[in-house]
Amino acid sequence: MNFNNIKYEINNMKKLNKKSVLVSFIALIIVFLIFLGAKDSDPQTNHINSFISIIIMLTCYYELIYATAKSCRYVVSDYVNDNKIRLYLMPNGRGKFLLNKVIAFVGSFATSSTIGITIGTFLILILSKFINFGFSDNNINYLRILVTLVGYLIYLSSVMIFATYVGVRYQSKVSAIIVSIIFLFLFGNAMISTSTSNQVAFIIIVLVLLFISLLLLLHCVRYINKDEVSR
Amino acid sequence: MKNINKTIKNKVALSNANLNINNNEICALIGPNGAGKTTLIKCLTGLSSSDSGIIKFDNESLNNRSINDILSKIGAVLKFPESISKTPIESIFNQEFFYRGIKQHKSVNYYLNKVKLNVSPDTKAGKLSLGMKQRLLIALAISHNPSLLILDEPFNGLDVDGVDLMKNIISDFVKENNNSVLITSHSLNDLNDFVSSVTFMQSGHTLHKETMEDIRENYGGSIKDYYREVHNNEL
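From a predicted model like this one, the values you see are computed outputs, not experimental measurements.

**Thoughts on the pairing of strand 3 (residues 26-30) of chain B**
Residues and elements named next belong to chain B.
- Extensive coverage of strand 3 is indicated by the burial of five of its five residues.
- Side chains of strand 3 alternate between two faces, with Ile-26, Ala-28 and Ile-30 and Cys-27 and Leu-29 buried alike.
- Pairing of strand 3 with strand 9 (residues 180-184), which is carried by four bridges, proceeds in the parallel orientation. Bridging across to strand 9, Ile-26 finds its partner in Val-181.
- Of the pairings in the sheet, the one linking strand 3 to strand 10 (residues 197-202) comprises four bridges and is parallel in character. Looking at strand 10, one finds that Ala-28 is bridged to Val-198.

The following block contains the structure:
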């Protein structure tokens with residue numbers, strides 16, 4: 001890893017990161033408004049803490065697709081077909097180059113997105129003090145919300161790494177998008193139910209996903225180092 | 001490059017290929033389609049690894065340890081990367097400077113002027129015409145003062161003026177610091193008046209290098225005539 005290179009990449013993504021804060025904030029507010037009316041029919045979502053966890057995770061699914069699309073633009077496209085020649089001719093070590101790029105992109109994007117979600121969440125919590133949204137239980141458990149936000153950050157980062165890995169390894173932007181959709185279907189229910197009922201299990205799941213994604217990233221670095229431009 | 005062998009998907013791409021480029025030399029690598037010219041270039045730049053043989057650059061053998069050092073001395077123009085199409089020219093140069101560790105560099109306009117590219121640095125690379133894109137790639141390739149410039153089919157799709165301009169740019173580059181150029185092209189007539197040597201390639205192997213003096217003497221200075229003769233002999 002080269003911190004100067006990571007810093008440089010993050011600087012190049014400043015615009016995207018600002019946009020990401022805004023997009024995630026707006027997405028959370030829209031999800032909040034949509035599900036505010038639906039919560040009455042489900043007793044579990046009548047608690048403000050569960051409700052917040054659910055809307056954070058639902059927003060996360062939108063963000064997964066958005067983040068993967070941006071990953072395709074900022075990382076994967078550089079490794080598709082002959083585009084990679086330009087990077088491979090740089091005298092920095094191909095693997096290190098990819099590692100720096102992925103760490104910079106995933107780290108800065110996921111953090112920006114989490115900042116947007118956090119601002120949105122706290123805005124809703126503040127509003128709930130003044131406006132009666134009709135929750136049966138209005139006692140806010142800040143620790144629980146914090147755990148959900150940390151879980152969100154890790155889950156988003158992991159899936160972004162998974163999708164980037166598939167996109168780079170198989171040189172296909174479409175494959176990267178498909179992977180994030182598969183993750184959405186595979187873990188969608190599990191993430192929502194554990195985030196509301198069993199947060200220990202929730203954190204364990206996201207940490208396992210992060211561990212696997214980091215292993216895949218290292219595998220991808222080794223693959224890139226040995227990759228042949230044969231066409 | 002000595003005795004380079006390379007097999008791709010059970011097909012011999014390079015068979016005991018040899019290539020030698022001296023300082024202050026413009027070496028043309030010619031041959032029919034599929035002869036292995038681009039594969040040889042990819043082996044030289046580490047884009048592809050050879051199965052056997054020796055590749056040396058300034059007496060330094062190409063391997064995992066030396067590849068970065070060697071790449072810093074090479075500028076290569078292969079294919080235009082579509083991924084930079086939406087990026088302004090200035091950002092592309094800044095990326096190049098940063099990743100090649102060039103701290104003291106001239107302005108972007110200096111490099112654009114060098115290749116006679118009269119566009120604003122804010123222009124997105126994808127907006128340029130084919131010839132302009134080629135010139136942009138050359139400007140990027142020479143921005144770190146390489147000692148060897150590799151050009152793969154640089155005349156493709158260029159009009160007569162474009163070819164002449166390209167030839168001037170290449171000649172200037174060689175004159176500047178005793179640099180060398182390796183160029184592949186099928187436009188053989190365009191090579192006659194500015195290359196200094198020619199290496200013919202067919203079915204993955206190379207013939208010995210002919211100097212332009214030899215070609216002038218034996219083929220009236222026509223690389224095309226030389227090509228026809230050796231190609232027919234090889235068949």
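Now, onward.
**Remarks on the environment of Asp-190 of chain B**
All names here are of chain B.
- Turning to its location among the elements, Asp-190 is positioned in helix 7 (residues 188-191).
- Along the chain, Asp-190 and Lys-224 lie 34 residues apart, while their C-alpha atoms are 9.8 Å from each other.
- In contact with Asp-190, not counting residues within four places along its chain, are Phe-155, Val-163 and Ser-185.

**Thoughts on the packing of helix 5 (residues 94-130) of chain A against helix 8 (residues 199-226) of chain A**
Residue and element names in this part refer to chain A.
- At a minimum axis distance of 7 Å, the contact between helix 5 and helix 8 shows a crossing angle of 145 degrees. Between helix 5 and helix 8 lies a crossing of right-handed hand. Each of Arg-94, Gly-95, Leu-98, Leu-99 and Val-102 in helix 5 lies in contact with helix 8, whose residues at this interface are Leu-217, Cys-220, Val-221, Arg-222, Ile-224 and Asn-225.
- For the contact of helix 5 with helix 8, the class distribution of residues is seven nonpolar, two polar and two charged.

**Considerations on the interface of chain A and chain B**
- Each side of the interface is counted separately: chain A has 16 residues, and chain B has 18 residues.
- Sort the elements by how many residues they give to the side of chain A that touches chain B and helix 4 (residues 84-88) of chain A lands first, with three residues.
- When its residues are assigned to classes, the side of chain A that touches chain B shows seven nonpolar, five polar and four charged.

**A closer look at the pairing of strand 10 of chain B**
All names here are of chain B.
- Looking at chain direction, strand 10 and strand 12 (residues 210-211) are connected through two bridges and run antiparallel. Across the sheet, residue Ser-197 finds its bridge partner in strand 12, namely Thr-211.
- Pairing of strand 10 with strand 11 (residues 205-206), which is carried by two bridges, proceeds in the antiparallel orientation. Across the sheet, residue Gln-202 finds its bridge partner in strand 11, namely His-205.
- In this structure, the hairpin formed by strand 10 and strand 11 is closed by a connection of two residues, where Ser-203 is found at a positive phi of approximately 45 degrees.

**Some words on the domain arrangement of chain B**
All names here are of chain B.
- Once the domains are mapped, chain B shows domain 1 (2-73 + 147-234) and domain 2 (84-145).
- Listed per partner, the contact involves ten residues of domain 1 and ten residues of domain 2.
- Among the residues forming the side of domain 1 that touches domain 2, the class breakdown is seven nonpolar, three polar and no charged.

Thresholds applied
- Residues numbered from 1 in each chain as written.
- Chains lettered and ligands numbered in written order.
- Predicted model: local features only at pLDDT ≥ 70, side-chain atom pairs only at ≥ 80, totals over all residues.
- Buried ≥ 20, exposed ≤ 12 C-beta atoms within 10 Å, placed from the backbone.
- Helix = DSSP H or I, 4+ residues; strand = E, 2+ residues; numbered from the N terminus.
- Pairing = 2+ DSSP bridges.
- Contact = placed C-beta atoms within 7 Å.
- Axes fitted to C-alpha atoms, helices over the stretch in contact; angles between N-to-C directions.
- Left-handed = near helix turned anticlockwise from the far one by under 90°.
- Nonpolar A, V, L, I, M, F, W, Y, C, P; charged D, E, K, R; others polar.
- Domains from an automatic or database assignment.

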